[in-house]
Amino acid sequence: MLQLRTFKRGGIYPPHEKLSADAKIIFGEIPGNLLIPVNQHIGRPLKITVKKGDAVKRGDLLAESTGFISSNVHSPVDGKVLKIFRFPLLGGLIREVIQIQPTEPGKSFKEVLESDPYFDIDIGSLTPEAIRKRIEEAGIVGMGGAGFPTHVKLSPPPEKKIDALIINGAECEPYITADHRVMVERSSEIIKGIKILQRLFENVPVYIGIEENKPDALKILDELVSKDGDILIVPLKAKYPQGGEKQLIKAVLNREVPSKGLPMDVGVVVQNVATVLAVYDAFYYNRPLTERVVTVSGNVVNQPGNILLPVGTPVSYVVKKFEIDVQKVRLLIAGGPMMGRTSHSFESPVTKTTSALLFFDNRVFAERRENPCLRCGSCLRVCPMGLDVALYTQMIKADKIAPEAKDHIQDCIECGSCAFVCPADRRLVQWMRLGKTIIRREN
Amino acid sequence: MFEIVIPGLILAGFALISASGLFVASKKFYVYEDPRIDEVEELLPGANCGGCGFAGCRAYAENAVNNKTVDPPCPVADAEAMQAVARLLDLEVEVKEKQVATLLCKGTHENSRSVMEYYGIDDCWAAMLVANSLKACAFSCLGLGSCVRACSFDAMLLKDGIVVIDEEKCTGCGMCLQACPKNLLFMRPVSGQVIVTCSNTDRGADARKACKIACIGCMKCEKSCHQNAIHVNDFLASIDYEKCTNCGDCVAACPTNAIEMRGQEVYVTA
Amino acid sequence: MEANGVLIMDSSPLGRTGESTRKIMFTVCLTLVPALAVSVWMFGWDAVRVLVLTAVFTVGVEALIAKFSNTKIDYLDGSALLTGILLAMNVPSNAPWWMLLIGAVVAVVIGKQVFGGLGQNIFNPALVARVFLLISFPMQMTSWPLPGAFDGTTGATPLGILKTEGIGAIKTIGVGDLAMGHIGGSLGEISALALLIGSLYLFYKKYITWEIPVAFIGTVFVFTGAFYLINPAQYASPVFHIFTGGLFLGALYMATDMVTSPLSFKGKLLFGFGCGFFTALIRLFGSYPEGVSFAILFMNAFVPLLDRYFPDKKFGMVKNG
């Protein structure tokens, strides 16, 4: 057996709970109404280009970017703009949404996808500029969770020499299997997508990092790339947060991204497998990013699965499709249990970054109350960034953040390892995020 | 007998050397400080609340004396104290009416129902990271008391999920305004008794759904006002306290009780 | 679509390992059972009396404070119980009840609650109480019932004998006696082996780490060993020093107290080294026969500094590029 690579410092081993690992990606129908959030990315807010009553076609622009770090939003279906208003999104933030009434509600989404024309493009003829432009137009953002516009990540300044491209298939979060299923079912498309990205950096070597708990994905991709010299499959140890960008680079290439730095500072670009698939779709089907694979799981879901959903589908559609008993649901998480955000409304829509919808009947672990910190040091031991979480949170609580601690607080990747092991049930991640807010307010 | 004299003399010698050292040091390192700084500081309230923007009353006094200014005036000190400070520095000060912090929300548990059970840290800024609003109304007071902790005068307390302000104790320092992540607090002159206790800028129907007392932007108050002192913008009424005469016509006209007349009885003097 | 009641909103992560303050505290208490069993076997019912009284007193005092405090104090979280047990292991088995009560009040009030309760105290509460009792009641705290002597005869600890009567008087005490507990002393002083067995589980659970105990005991060994090599006729052997007194109790259970020990790797090593250094210094040259408690309390005061100036290296603290 090959030596499994991993990052050295910190990390935890939460139960995998990949309940839906063997469930094929299914297709739903077009839901009754779609609520399409205007801003689904990190960066500058968008400008809405439609108004109430407008008729839109699938793939039409709904809101356009207003700068470089910004990403377009398109309509996933044919329909009519009903209303533009503010609504709680998954994660509790209240933001502007565009409500679209589809012309053909109930139509199988598989048919919609199949009616998209296929273009047999010649990758060799694409220039890097054309590739970046297409990715920007298609509104592709990092689909692993953060939602950073992909074209920005793919446009490092010329002084940063990129000598490695890492494809993130780690999927270290418990429960989530969306990337896993995509790797198993759409492996050849992913390889084609990688070929497009490879064109951007003078055919750099590509590493696909996959955790060992996905043997089928490892096997399929390994067979596909065996005849291909410059794509390497890297089996990784199943350890959380293996999928964190900095941890993944450390594991695969043993390079350490400097504090406050970006992967490009060590000559690396990291892309998620789902993002690569979106790139493939953008070129071969001319599809903007308007749908994504979502894992539906949790302890009140009888048949956990993976479903391809158009962006804007309300959670209530998923509840019906998977026959979830809402009376039992007490906790709804968008994303994984470690980094996902809770949500309080079943009408909140799926966005480009929603990798999973998890339904639980109650939270078995944490209590409402925070207990005093024991200084046990568990949080330091598991922190993949080596941060003195216990000390920083006390500074933040007292609103007296030491100047030398500020950089470290901003280095927190919010992976949640510290709070996961904290015996005193302290909301360490929330404190760290509050610390970041305080620092941002001061500046 | 003689033995006791020697240590005595040695000690006295030490004392003399140290004392002269201290004397020299105090002369050599003497820093002139305007005595009026102390006097001004005497006159200030001494709460060190930071409402003026300086790091405490001493810092304010230093600025006032060294730069010969009473601008901005201490928001806490009463008019007499400020005039005394101004007289000391040969300055004129404009007498302003006392300002009090006012919460533009009445989203109590009864009026705007909770839509979630919040488990996180009891701090408004921390809660904003998890959810923009804990209640049906997106604009409502979170009721976790970041402003209460910012108040140096014990003038605020949490009640039924919103903050109530004791206008007797409130000094108008304005520290709570910065502590509110939703900008629900504002300063009004204490004589202005009419308050629109709502910040919801959603359309009428949506606002009404979110809260029982929401301002729905119906314009009835604007029409009822003879002083042209109340205006509706973005489906939300606001009062111009320069013009308002506390007549109460708008309070009577409001269909949702979103406008409130502050009488003595609503003051909390807990 | 409405759920049954409103949904829970919280910051990520939504999962927990299930560790809790209570679990840690009660686990530590349980790992002390072998050592306690040895002391009961050696001292009989007196040991049980001291244990139960001290535990009841400490938890009782904390409960009283919790009742009159504005902040919520969970007095049943096991931390007070652990303080009580550790205090009991630091006093002679014939200690009168009022002394135990004073010890409990000092430990909980002065040692812990005045600093703001659990997690805020600078000094180990049990040691604060022990030192308080040692200074206030030197007679009672230095005449130790001899193990197995149920007739009430008392004597000094091996270290006490060494201090007062010199090296010749301890020649008869073998290493086996020291390790197994056939020596005079407090409840927790007498069996190094039982303490080590109990603490193995704490190492396994990572409640304590190796740095402090190893640095502590190692430093004592090296220092006393150096003097033993220079003049074996005057100084006792390092093995004797390691197995006598409260060194094992101190190194495994007191110095490693989560609240009052450093967090960083270097800090822990320095902390252990300091504890060992001052213990050896007091034992060899001080007027007290035993120095573990003083050394630990002294080093406790340096914990914030150690944490501040010897932090662990952070991820990404590398030169750019």
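What this report covers is the structure whose coordinates are included nearby.

Quick notes on the overall build of chain A
A tally of helices and strands in chain A yields 14 helices and 17 strands. Expected size for 443 residues packed as a compact globule is a radius of gyration near 22 Å; at 21 Å, chain A falls within 12% of this value. The dimensions of chain A, computed from C-alpha atoms along their principal axes, are 60 × 55 × 45 Å. Every one of the 443 residues in chain A was classed for burial, and the buried ones make up 63%. Relative to all contacts within chain A whose residues are 6 or more apart in sequence, the contacts with residues 24 or more apart total 74%. Carbon and sulfur atoms form 52% of the exposed surface of chain A, whose accessible area is close to 16,700 Å².

Some points on the pairing of strand S8 (residues 94-102) of chain A
Residues in a regular strand point their side chains to alternate faces of the sheet. Residues and elements named next belong to chain A. Across 4 bridges, the pairing between strand S2 (residues 34-37) and S8 is antiparallel. The residue of S8 that forms the bridge with isoleucine 36 is isoleucine 98. Strand direction decides the pairing type here: strand S7 (residues 79-88) and S8, joined by 9 bridges, are antiparallel. Along S8, the bridge assignment pairs phenylalanine 87 with arginine 95. Connecting S7 to the next strand, S8, in antiparallel fashion are 5 residues, including glycine 91 with a positive phi near 110 degrees.

Focus: empty space enclosed by the protein
Residue and element names in this part refer to chain C. A complete count under the given rule lists 12 cavities of 30 Å³ or more for this structure. Taken as a whole, the largest cavity spans an internal volume of roughly 300 Å³. In terms of lining, the largest cavity is formed by 21 residues, of which the most central are Met25, Leu82, Leu86, Asp257 and Met258. Mapped onto the lining of the largest cavity, the elements with two or more residues apiece are helix H1 (21-31), helix H4 (79-88) and helix H13 (247-254). Per-element tally for the lining of the largest cavity: the top contributor is H4, with 4 residues. The residue inventory of the lining of the largest cavity, partitioned by class, reads 14 nonpolar, 5 polar and 2 charged.

Some details on helix H15 (residues 292-300) of chain C
All names here are of chain C. Burial of H15 is extensive: 7 of the 9 residues sit out of reach of the surface. Residues of H15 that are buried include every one of Val292, Ser293, Ala295, Ile296, Leu297, Met299 and Asn300, and no others. Packed against the buried residues of H15 are helix H6 (125-136), helix H11 (211-230), H13, helix H14 (265-285) and helix H16 (303-309).

Structural notes on the environment of histidine 226 of chain B
All names here are of chain B. Relative to the helices and strands, histidine 226 resides in the loop between helix H9 (220-224) and strand S7 (230-233). When its relative accessible area of 64% is taken as the criterion, histidine 226 is described as exposed. It is 32 Å that separates the C-alpha atoms of histidine 226 and threonine 171, two residues lying 55 residues apart in sequence.

As for the sheet that holds S2 of chain A
Residues and elements named next belong to chain A. Spatially, S2-S8-S7-S4 is the arrangement adopted by the 4 strands of the open sheet, whose pairing is antiparallel. Across the chains shown, the open sheet's two edge strands, defined by having one partner strand only, are S2 and strand S4 (55-56). As paired strands, S4 and S7 are joined by 2 bridges and run antiparallel to one another. Each residue of the ladder has a partner; that of valine 56, found in S7, is glycine 79.

Considering the pairing of strand S15 (residues 331-334) of chain A
All names here are of chain A. Residues Leu331 and Ile333 point to one face of S15 and Leu332 and Ala334 to the other, with burial holding for every one of them. With 4 bridges joining them, S15 and strand S17 (residues 356-360) adopt antiparallel strand pairing. In the strand pairing of S17, alanine 334 is matched with leucine 357. The pairing of S15 with strand S16 (residues 341-343) spans 3 bridges and is antiparallel. When the sheet's bridge partners are listed, isoleucine 333 is paired in S16 with threonine 342. Connecting the antiparallel pair S15 and S16 is a turn made up of 6 residues, with glycine 335 showing a positive phi of about 100 degrees.

Structural notes on the nonpolar core
Counting 77 residues, the largest nonpolar core has Ile194, Ile208 and Phe283 of chain A as the members making the most contacts within it. The dominant element in this core, judged by the number of residues it contributes, is helix H8 (residues 273-284) of chain A, at 10 residues. Those residues in contact with phenylalanine 283 of chain A that sit more than four places away from it in its chain are Phe119, Ile121, Leu126, Ile131, Arg134, Ile135 and Ile196 of chain A. Formed by 68 residues, the second largest nonpolar core is a distinct cluster that contains Ala126, Ala192, Ile208 and Met254 of chain C.

Describing a nonpolar patch on the surface
Residues and elements named next belong to chain B. Taken together, the side chains of Met1, Phe2, Ile4, Val5, Ile6, Leu9, Ile10, Leu11 and Phe14 define a hydrophobic patch exposed on the protein surface, amounting to about 1,000 Å² of accessible area. Here isoleucine 6 lies in helix H1 (residues 2-28). Since its relative accessible area comes to 41%, isoleucine 6 is described here as partly exposed.

Looking at the sheet that holds strand S10 (residues 206-211) of chain A
Residue and element names in this part refer to chain A. Pairing in this open sheet of 4 strands is parallel, and the strands run S11-S10-S9-S12 from one edge to the other. A strand with exactly one partner marks an edge of an open sheet, and here the two such strands are strand S11 (231-236) and strand S12 (268-272). Along the sheet, successive strands turn relative to each other by an average axial angle of 25 degrees, direction set aside. Across 5 bridges, the pairing between strand S9 (residues 164-169) and S10 is parallel. Within S10, the residue paired with asparagine 168 across the bridge is glycine 209. Against the sheet, helix H7 (residues 245-253) touches S9, S10, S11 and S12, its axis set at about 115 degrees to S9. Running over the sheet, H8 touches S9 and S12 and is turned about 80 degrees from S12.

Some remarks on unusual backbone geometry
The peptide bond linking tyrosine 240 of chain A to proline 241 of chain A adopts the cis configuration, its omega dihedral lying at -5 degrees. The step from serine 12 of chain C to proline 13 of chain C runs through a cis peptide bond, and the omega angle for that step is -5 degrees. Relative to the helices and strands, proline 13 of chain C resides in the loop between strand S1 (7-9) and H1. With a phi close to 55 degrees, asparagine 183 of chain B is a non-glycine residue in the positive phi region. By the element assignment, asparagine 183 of chain B lies in the loop between helix H7 (175-179) and strand S5 (185-189). Look at asparagine 183 of chain B and you get exposed, because its relative accessible area is 62%.

Quick notes on the packing of H4 of chain C against H6 of chain C
Residue and element names in this part refer to chain C. Where H4 meets H6, the axes come as close as 8 Å, and the angle between the chain directions of the two elements is 35 degrees. With respect to the hand of their crossing, H4 and H6 are arranged in right-handed fashion. Residue-level inspection shows Thr83, Leu86 and Leu87 of H4 in contact with H6, the latter providing Pro125, Ala126, Ala129 and Arg130. Along the lines of polarity and charge, the residues of the contact of H4 with H6 split into 5 nonpolar, 1 polar and 1 charged.

Notes on the interface of chain C and chain A
The interface is formed by 45 residues belonging to chain C together with 67 residues belonging to chain A. Run the count over chain C and chain A and you get 5 salt bridges. One salt bridge connects glutamate 256 of chain A with lysine 313 of chain C, and the closest N-O pair in it is separated by 3.7 Å. Run the count over chain C and chain A and you get 19 residue pairs in polar contact (both at pLDDT 80 or more). Counting only elements with at least two residues in the side of chain C that touches chain A, the list comes to S1, H1 and H16 of chain C. Of the residues in the side of chain C that touches chain A, the class split is 20 nonpolar, 14 polar and 11 charged.

Examining the environment of isoleucine 438 of chain A
Inspection of the secondary structure assignment puts isoleucine 438 of chain A in helix H14 (residues 428-442). Separated by 331 residues in sequence, isoleucine 438 of chain A and lysine 107 of chain A have C-alpha atoms that sit 48 Å apart.

Some remarks on the pattern of salt bridges
Taken as a whole and assessed by the stated rule, the structure comprises 44 salt bridges over all chains. Between glutamate 414 of chain A and lysine 436 of chain A there is a salt bridge, and its shortest N-O distance comes to 2.9 Å. Residue glutamate 414 of chain A is found in the loop between helix H12 (403-411) and helix H13 (417-421), and its partner lysine 436 of chain A is found in helix H14; the two are separated by 22 residues along the sequence. Side by side, glutamate 414 of chain A and lysine 436 of chain A carry an identical accessibility label, which is buried. Across the pair arginine 58 of chain B and glutamate 33 of chain B runs a salt bridge, and its minimum N-O distance is 3.1 Å. You can see arginine 58 of chain B sitting in helix H3 (residues 57-66) and its partner glutamate 33 of chain B sitting in the loop between H1 and helix H2 (35-43), a full 25 residues away along the chain. Residue class for arginine 58 of chain B comes out partly exposed when judged on its relative accessible area of 25%.

Thresholds applied
Residues numbered from 1 in each chain as written. Chains lettered and ligands numbered in written order. Predicted model: local features only at pLDDT ≥ 70, side-chain atom pairs only at ≥ 80, totals over all residues. Heavy atoms only, no water. Helix = DSSP H or I, 4+ residues; strand = E, 2+ residues; numbered from the N terminus. Rg over C-alpha atoms; globule rule 2.2 N^0.38 Å. Buried < 20%, exposed > 50% of the residue type's maximum accessible area, 1.4 Å probe, protein only. Contact = heavy atoms within 4.5 Å. Areas by Shrake-Rupley, 256 points an atom, 1.4 Å probe, with all protein chains shown as cover. Pairing = 2+ DSSP bridges. 1 Å grid on protein atoms, 1.4 Å probe; cavity = no way out; pocket = protein on both sides within 12 Å on 5 of 7 lines; lining within 4 Å. Points joined across faces, edges and corners; volume = space filled by probe spheres on them. Nonpolar A, V, L, I, M, F, W, Y, C, P; charged D, E, K, R; others polar. Core = buried A, V, L, I, M, F, W, Y, C linked by side-chain atoms within 4.5 Å. Patch = residues over 30% accessible without salt bridge, like charges linked within 9 Å, V, L, I, M, F, W, Y side chains within 5 Å. Salt bridge = Lys/Arg side-chain N within 4 Å of Asp/Glu carboxyl O. Axes fitted to C-alpha atoms, helices over the stretch in contact; angles between N-to-C directions. Left-handed = near helix turned anticlockwise from the far one by under 90°. Polar contact = N/O pair within 3.5 Å; in protein donor to acceptor, adjacent residues only side chain to side chain.

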